[in-house]
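Listed here are the chains, written in short residue letters.
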Protein chains: 2
Amino acid sequence: MPKTSVKGKQMPPSPIRKLVPFAESAKKRGVHIYHLNIGQPDIETPQVMLDAIHNYPDKVVEYSHSAGIETYRKKLTKYYNKYKISLDFSEIIVTTGGSEAIEIAMMSCLDPGDEIIIPEPFYANYNGFSTQANVKVVPIRSTIEEGFALPPVNEFEKLITPATKAIMICNPSNPTGYLYTRDELEQLRKLVLKHDLWLFSDEVYREFCYDNKEYHSVMHLEGIEQNVVMLDSISKRYSACGARIGAIISRNKDLMAVALKFAQARLSPPTFGQVAGEAGIDTPDEYFVNVKEEYVRRRNFVVESLNKMDGVFCPKPSGAFYCIARLPIDNSDKFCQWLLESFSHENETVMLAPATGFYSKPELGLDEVRIAYVLNMDSLSKAMQCLELALLQYPGKKESAMETSAIRSEKQS
Amino acid sequence: MPKTSVKGKQMPPSPIRKLVPFAESAKKRGVHIYHLNIGQPDIETPQVMLDAIHNYPDKVVEYSHSAGIETYRKKLTKYYNKYKISLDFSEIIVTTGGSEAIEIAMMSCLDPGDEIIIPEPFYANYNGFSTQANVKVVPIRSTIEEGFALPPVNEFEKLITPATKAIMICNPSNPTGYLYTRDELEQLRKLVLKHDLWLFSDEVYREFCYDNKEYHSVMHLEGIEQNVVMLDSISKRYSACGARIGAIISRNKDLMAVALKFAQARLSPPTFGQVAGEAGIDTPDEYFVNVKEEYVRRRNFVVESLNKMDGVFCPKPSGAFYCIARLPIDNSDKFCQWLLESFSHENETVMLAPATGFYSKPELGLDEVRIAYVLNMDSLSKAMQCLELALLQYPGKKESAMETSAIRSEKQS
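All of these numbers come straight from a predicted model, not from anything done at the bench. (Residues numbered from 1 in each chain as written. Chains lettered and ligands numbered in written order. Predicted model: local features only at pLDDT ≥ 70, side-chain atom pairs only at ≥ 80, totals over all residues.)

**Observations regarding the overall build of chain A**
Where we set the bar: By definition, any uninterrupted DSSP run of H or I lasting at least four residues is a helix, any uninterrupted run of E lasting at least two residues is a strand, and each is numbered from the N terminus. Think of it as a crowd count around each C-beta: if 20 or more other C-beta atoms lie within 10 Å the residue is buried, if 12 or fewer it is exposed, and in between it is partly exposed, with C-beta placed from the backbone throughout. Residue pairs are scored as contacts if the distance between their C-beta atoms, which are placed from the backbone, is within 7 Å.
Scanning chain A from terminus to terminus reveals 14 helices and twelve strands. Dimensions along the principal axes, computed over C-alpha positions, put chain A at roughly 60 × 55 × 55 Å. Taken across its 413 residues, chain A has 56% of its residues classed as buried. Look at the contacts in chain A between residues 6 or more apart in sequence, and 76% of them connect residues 24 or more apart.

Rendered as structure tokens:
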């Protein structure tokens, strides 16, 4: 029997999806699961997008241009204009989800053995895409105590080697919900300029910034236009994860020419999704006002509920729809599996993402979980109740550090 | 300014798409182009699929399971049953087009530096996917004189090294239209078994086998169940290239577990496309009877027209909707570009794919082009007229080898 590749063995299983079999057996036992483990919002996709699909006019479902349908790319420039990002449509290649945007950016800019510095905890699949490209992720730690702010620039500089080719951020961040300040981006700008690195920025959550805090894009940074690559997706913006439409955006023409070759190899991004995406640009502003209000309500409820629980600490994030909570537990992988296998309250339980999958070292994130507040208030309320009871019953309970309550009182004041 | 990757430089531009800018300027000059350069059929997508899209019921366009929607995968097993391929749905992972099926298969089975033997001319993007995975393609030549039949097994054996991990075929073949016989597959079976190699088979054209010749799948071969990986797509089957739905299929559980990790990293295949694909399985048989008749008519016309032209030779293929023709020209890249830049007849021209892109060495395919007979009879007739006139006017005309006419009389008798 032939052997699978070493790369295949190294490929990490998705920490968000690896618990799925346990969830499936819980469901078979009749247990209802509140899915806070995955960024699949319950928010309805804008009607204009569904209408575009219902009225899909063509008789032949054709390939599109490898870089995406031209009218869509042109309309996307108007969308970015709203965020003071001025683009020509040739600076946009439409991809199959944000996932493919990351894959193509990595392959276009980095070779096997090259290094990319990423603040951790980070979106778990960055590990997967790096493994695919034989690129080495060099993590730089951001901490729950600091609310996951950008680590100081001198910490980055310590990690830079001749193999360092890029820095990657996610802003607002999945999994932390942290929103970078203008000052933090300015620090990154100087660093990137000094070392002539690529700066990849995954900004798929820009619609979700709260508390009147402003979204700053790497596309706004002056003097590093040739270094910046923005990675985007319509999945979260329009609650259209299944459309699988994203984009890779850069003003660097060399990069875009190379990226197009990778795009040509896979022929084209999905036509139906692009049709929906193009229609989505006409989504009324009201839609986002309502969605944002809803997420703020959910965030406030979840973060408050968590911080009320004994031994739990959760900094309040300013963006996206995730938060990371520190729990009084021995091992978040075990705890999340136990929630599905051995716990239920009134025949219900909650599914969370162990934070271990968002760190690069196995000893990190053992007492942290990521919570996606993507369900309605009623479900969130029941889910938080489940979690509180579960923490009381969990056999691997750990008395949390004193530190925690000190920080909590400080952060929540 | 940071540099793009070496891999990006090595990435071949799509030979099918690299002429697109010349086509675009021709169109801007008002010249009508007959596109025989790309496998984008004009055949209508089955109505059942369009209906499924028009009636898409959900309010939230959600991610699907990373391996694809379960009901779709289960229904796919029924589709394969019709071809005497018996599968459990767990042996199918739905992918984003056949492209992603190839990418995932390569990454799951091969590491950087590993070698894969592929009969050439082969589908150009195999080069791209190999470059992505840092895998080395070892071509084995099939010739127009032999109608692109499988090269003898002893020729394969000469190429096998300790780095050889896989053999890949396309059956029926893009770009040659060649349909492998049961005997040829049997030879491959023995070879694969002897050297314990992976056997990848791209079988996306199985619906298009002509002259009552039978389709034989690698999935039918006994004793190499653990070695075989079938790569599939609905693009051609249902003329639904833009749906971007394919599949990777294998009975090797280790492989499927590894492939699932790659599938998880990119979250899920497109939801709309899967909905269309699931509906497509109910396409009435009559649809395929009509489509096949149409392609046979087109093939016969194109191959006959080509062989009537002075100095042209085209073996008659038994499958897919491509043929490769040898033309009396100096350089197929130049000729195809000249057709777009400098030739027109009654304000029309024809776009072909230079065969150079389907070979791995730059000196091969210089006098060959691939023709996709994907347009209606009227368009094909005008396109063939354009080609005949163009060959008379082309400044790089080459008196073809005497060999050609000898072969023609032999092959067409």
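**Remarks on the relation of the copies chain B and chain A**
Related by rotation about an axis and a shift along that axis, the two copies of the chain form a pair. Condition: We place the copies in one frame by least squares, fitting the C-alpha atoms of every residue whose pLDDT is at least 70 in both.
Overlaying chain B with chain A gives an RMSD of 0.0 Å, the required rotation being 180 degrees about an axis along which the chain moves by 0.0 Å. A rotation of that kind, with that shift, is consistent with a two-fold axis. Closest approach to the rotation axis within chain B is made by the C-alpha atom of His54(B), at a distance of 2.0 Å. Here 98% of the interface residues in chain B have copies in chain A that are interface residues too; the copies meet face to matching face.

**So, helix α11 (residues 285–308) of chain A**
Residue and element names in this part refer to chain A. What counts is decided by this rule: Expected span of a helix, by definition, is 1.5 Å for each gap between consecutive residues, and there is one gap fewer than residues.
Its 24 residues give α11 an end-to-end C-alpha distance of 35 Å, which sits within 8% of 34 Å, the value for a rise of 1.5 Å per residue. Val291, Tyr295, Arg299, Val302, Val303 and Leu306 are the residues of α11 that are buried. Elements in contact with the buried residues of α11: β9 (322–326), β12 (368–372) and α13 (377–393).

**Looking at the sheet that holds strand β6 (residues 198–202) of chain A**
All names here are of chain A. Note the following rule: Pairs of strands are assigned from DSSP output, requiring at least two bridges between the strands. Helix axes are fitted only over the stretch in contact, all axes being lines through C-alpha atoms; the angle between N-to-C directions runs from 0 to 180 degrees.
The strand order β2-β8-β7-β6-β5-β3-β4 describes an open sheet built from seven strands, whose pairing is mixed. Strands at the two margins of the open sheet, each flanked by one partner only, are β2 (92–95) and β4 (136–141). For this sheet, the mean inter-axis angle between neighbouring strands, taken without regard to orientation, is 25 degrees. With four bridges joining them, β2 and strand β8 (residues 246–249) adopt antiparallel strand pairing. In the strand pairing of β8, Ile92 is matched with Ile249.

**So, the environment of Ile38(B)**
Residues and elements named next belong to chain B. Considering the arrangement of structural elements, one finds Ile38 in the loop between β1 (32–35) and α3 (47–54). Ile38 sits in the buried class, given 20 other C-beta atoms within 10 Å. Sequence separation between Ile38 and Asp114 is 76 residues; the distance between their C-alpha atoms is 30 Å. Apart from the residues within four sequence positions on either side, Ile38 is in contact with Ile16 and Ala372.

**Focus on the pairing of strand β5 (residues 164–170) of chain B**
Residues in a regular strand project their side chains so that they alternate between the two faces of the sheet. Residues and elements named next belong to chain B. For β5, the buried fraction is high: six of the seven residues fall into the buried class. As judged from the three bridges shared by strand β3 (residues 115–120) and β5, these two strands associate in the parallel manner. Residue pairing in the sheet places Ile117 in a bridge with Ile167 of β5. By the bridge criterion, five bridges tie β5 to strand β6 (residues 198–202) in an arrangement that is parallel. Paired with Met168 across the bridge in β6 is Phe200.

**A look at the environment of Gly365(A)**
Its location among the elements puts Gly365(A) in the loop between β11 (353–354) and β12. Every residue in contact with Gly365(A), bar those within four places of it in the chain, is listed here: Pro121(A), Ser332(A), Pro354(A), Ala355(A), Thr356(A), Phe358(A) and Tyr359(A).

**Notes on the interface of chain B and chain A**
So the rule is basically this: Residues were grouped as follows: Ala, Val, Leu, Ile, Met, Phe, Trp, Tyr, Cys and Pro as nonpolar; Asp, Glu, Lys and Arg as charged; and all remaining residues, including Gly, as polar.
Tallying the contact residues gives 66 residues for chain B and 65 residues for chain A. Of all elements in the fold, only α1 (6–10), α3, α5 (97–109), α6 (125–132), α9 (253–265) and α10 (271–280) of chain B reach the threshold of two or more residues within the side of chain B that touches chain A. A total of seven residues in the side of chain B that touches chain A trace back to one element, the largest contributor, which is α9(B). Among the residues forming the side of chain B that touches chain A, the class breakdown is 27 nonpolar, 25 polar and 14 charged.

**Points about unusual backbone geometry**
Residue and element names in this part refer to chain B. Here Glu120 and Pro121 are connected by a cis peptide whose omega angle stands at 0 degrees. Relative to the helices and strands, Pro121 resides in the loop between β3 and α6. Cis geometry marks the peptide bond from Asn174 to Pro175, where omega comes out at 20 degrees. The residue Pro175 is located in the loop between β5 and α8 (182–195) in this model. Look at Asn347: it is not a glycine, yet its phi comes out positive at around 65 degrees. Note on placement: Asn347 falls in the loop between α12 (332–341) and β10 (348–351).

**Some details on the packing of helix α4 (residues 70–81) of chain A against helix α10 (residues 271–280) of chain A**
All names here are of chain A. To be explicit about the condition: Here is the rule for handedness: rotate from the far helix to the near one, and if that takes an anticlockwise turn smaller than a right angle the crossing is left-handed, while a clockwise turn gives right-handed.
Running from N to C, α4 and α10 point in directions that differ by 35 degrees, and their axes come no closer than 9 Å. The hand of the α4/α10 crossing is left-handed. Facing α4, whose interface residues are Thr71, Tyr72 and Lys75, α10 presents Gln274, Gly277 and Glu278. Class assignment of the residues belonging to the contact of α4 with α10 gives a composition of one nonpolar, three polar and two charged.

**Observations regarding helix α6 (residues 125–132) of chain A**
Residue and element names in this part refer to chain A. The buried fraction of α6 amounts to eight of the eight residues, a majority that puts the element mostly inside the structure. Looking only at α6, the buried set comprises Asn125, Tyr126, Asn127, Gly128, Phe129, Ser130, Thr131 and Gln132. Where α6 terminates, the next one or two residues include Asn134, which has phi positive at roughly 55 degrees.

**Things to note about the domain arrangement of chain A**
All names here are of chain A. In plain terms, the rule: Domain segmentation is taken from an automatic or database assignment of domains.
Per the domain assignment, the segments making up chain A are domain 1 (6–44 + 286–411) and domain 2 (47–280). The C-alpha centroid of domain 2 is placed 26 Å from the C-alpha centroid of domain 1. Residue-level contacts link 37 residues of domain 1 with 32 residues of domain 2. Residue assignment for the side of domain 1 that touches domain 2 shows that the elements contributing at least two residues are α1 (6–10), α11, β9 and β12. It is α11 that contributes the most residues to the side of domain 1 that touches domain 2, five residues altogether. Of the residues that constitute the side of domain 1 that touches domain 2, the class distribution is 21 nonpolar, nine polar and seven charged.

**Remarks on the sheet that holds strand β12 (residues 368–372) of chain B**
Residues and elements named next belong to chain B. Strand order in this open sheet of three strands is β9-β12-β11, and the pairing throughout is antiparallel. Of all strands in the sheet, those with a lone pairing partner are β9 (322–326) and β11 (353–354), marking the two edges. Where β9 meets β12, five bridges bridge the pair, whose relative direction is antiparallel. Looking at β12, one finds that Cys323 is bridged to Ile371.

**Focus: the environment of Lys28(B)**
Residues and elements named next belong to chain B. Tracing the chain through its elements places Lys28 in helix α2 (residues 20–28). What makes Lys28 exposed here is the crowd of 8 C-beta atoms within 10 Å. Once the C-alpha coordinates of Lys28 and Pro269 are considered, the two residues, 241 residues apart in sequence, prove to be 36 Å apart.

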